[in-house]
Amino acid sequence: MTTAGDRGTASDQDELIVDAVERFLEREVRPHVRALEAADEYPRELADRIATLGLYGATISPEYGGLGLSATVYTRIVERIAAVWMSLCGLFNSHLITAAAIERFGTSEQKQRLLPRLASGSLRAGIALTEPGCGTDLQAVRTRAARVGGHYTVNGTKMWITNSVEGDALAVLVKTDPAAQPSHRGMSLLFVEKEMGFR
């Protein structure tokens, strides 16, 4: 049961988090945006700072080490970051889409093994949807996954994937049954870590 006092405490915590993000933006991001844009390089130091702020776990349940922020508070944070340097949002937004898929649809073992690492930012992920010749029509993806023994073999090409080079893992949209009708019934989302061998 939630009391008015509990709601006040949560609200106070939310404001502390938003304030911490605003201080981070003013001190560590805003003064360097032009140089960061000109360099056109992955902002490794800022990506690491995002982890210390807890943003890789922003919407992940506290049960798994995340902040468990509401959509409203999370949106406020994203708005503030995007107003200073929108590129930073992609680092944790795509990561959190993957985490949400695991938290909603993953097995208990996957949740216990992956979500704490995703929440801390020690495991950084993205989501691989886009392919050459297939932008927003996701049912047209050509990447295939075939079960071979106890594993899947994935073949295909993805592009424009945030965190694909600098991250550790991807949630990859694949066709596991290319003959399925409608097409989306033959699609799956596989969690693939770099150590499994993708390039």
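No experiment lies behind these values; they were computed from the predicted model shown.

Colleague: Looking at this structure, I do not really get the pairing of strand β4 (residues 169–175). What am I missing?
Modeller: Moving residue by residue along a regular strand, the side chains alternate between the two faces of the sheet. Across the seven residues that make up β4, a large majority, seven, are buried. As paired elements, strand β1 (residues 125–128) and β4 share four bridges and run parallel to each other. Across the sheet, residue Ala 128 finds its bridge partner in β4, namely Val 172. Inspection of the sheet shows β4 paired to strand β5 (residues 187–193) by seven bridges, in the antiparallel sense. Looking across to β5, one finds that Ala 171 is bridged to Phe 191.

Colleague: I keep staring at the nonpolar core and nothing clicks. Help me out?
Modeller: For soluble globular proteins, the rule of thumb is that nonpolar side chains tend to be buried together. Core analysis: the biggest nonpolar cluster contains 41 residues, and Val 29, Ile 77, Ile 81, Leu 88, Phe 92 and Leu 118 have the highest contact counts within it. Secondary-structure elements contributing two or more residues to this core are α1 (4–29), α2 (33–39), α3 (44–53), α4 (71–85), α5 (87–105) and α6 (108–120). Not counting residues within four places of it along the chain, the set of residues in contact with Leu 88 comprises Phe 24, Val 29, Pro 43, Leu 46, Ile 50 and Ile 81. Grouped together as the second largest cluster of nonpolar side chains are eight residues, Leu 170, Val 172, Val 174 and Leu 190 included.

Colleague: Help me understand the pattern of salt bridges, please; the structure alone is not making it clear to me.
Modeller: Two side chains with opposite charge may pair up if their charged atoms get near one another. The tally for this structure, following the rule as stated, stands at eleven salt bridges. Its salt-bridge partner being Glu 109, residue Arg 113 comes within 2.6 Å of it at the nearest N-O pair. Pair noted here: Arg 113 and Glu 109 are both in helix α6, with a separation of four residues, about one helical turn. Three or more residues joined by partner-sharing salt bridges are found here, namely Arg 44, Asp 48, Arg 124 and Glu 166.

Colleague: Looking at this structure, I do not really get the packing of aromatic side chains. What am I missing?
Modeller: Any pair of aromatic rings gets described here by the distance separating the centres and the angle formed by the planes. Using the criterion set out here, one finds one aromatic pair in the structure. For the pair Tyr 74 and Phe 92, a centre-to-centre distance of 6.2 Å together with 85 degrees between the ring planes defines the contact as edge-to-face. Here the residue Tyr 74 occupies a position in helix α4, and Phe 92 occupies one in helix α5, the gap between them amounting to 18 residues. Owing to a relative accessible area of 13%, Tyr 74 belongs among the buried residues under this scheme.

Quick notes on the rules
- Residues numbered from 1 in each chain as written.
- Predicted model: local features only at pLDDT ≥ 70, side-chain atom pairs only at ≥ 80, totals over all residues.
- Heavy atoms only, no water.
- Buried < 20%, exposed > 50% of the residue type's maximum accessible area, 1.4 Å probe, protein only.
- Helix = DSSP H or I, 4+ residues; strand = E, 2+ residues; numbered from the N terminus.
- Pairing = 2+ DSSP bridges.
- Core = buried A, V, L, I, M, F, W, Y, C linked by side-chain atoms within 4.5 Å.
- Contact = heavy atoms within 4.5 Å.
- Salt bridge = Lys/Arg side-chain N within 4 Å of Asp/Glu carboxyl O.
- Phe/Tyr/Trp six-rings, centres within 6.5 Å; stacked < 30°, edge-to-face > 60°.

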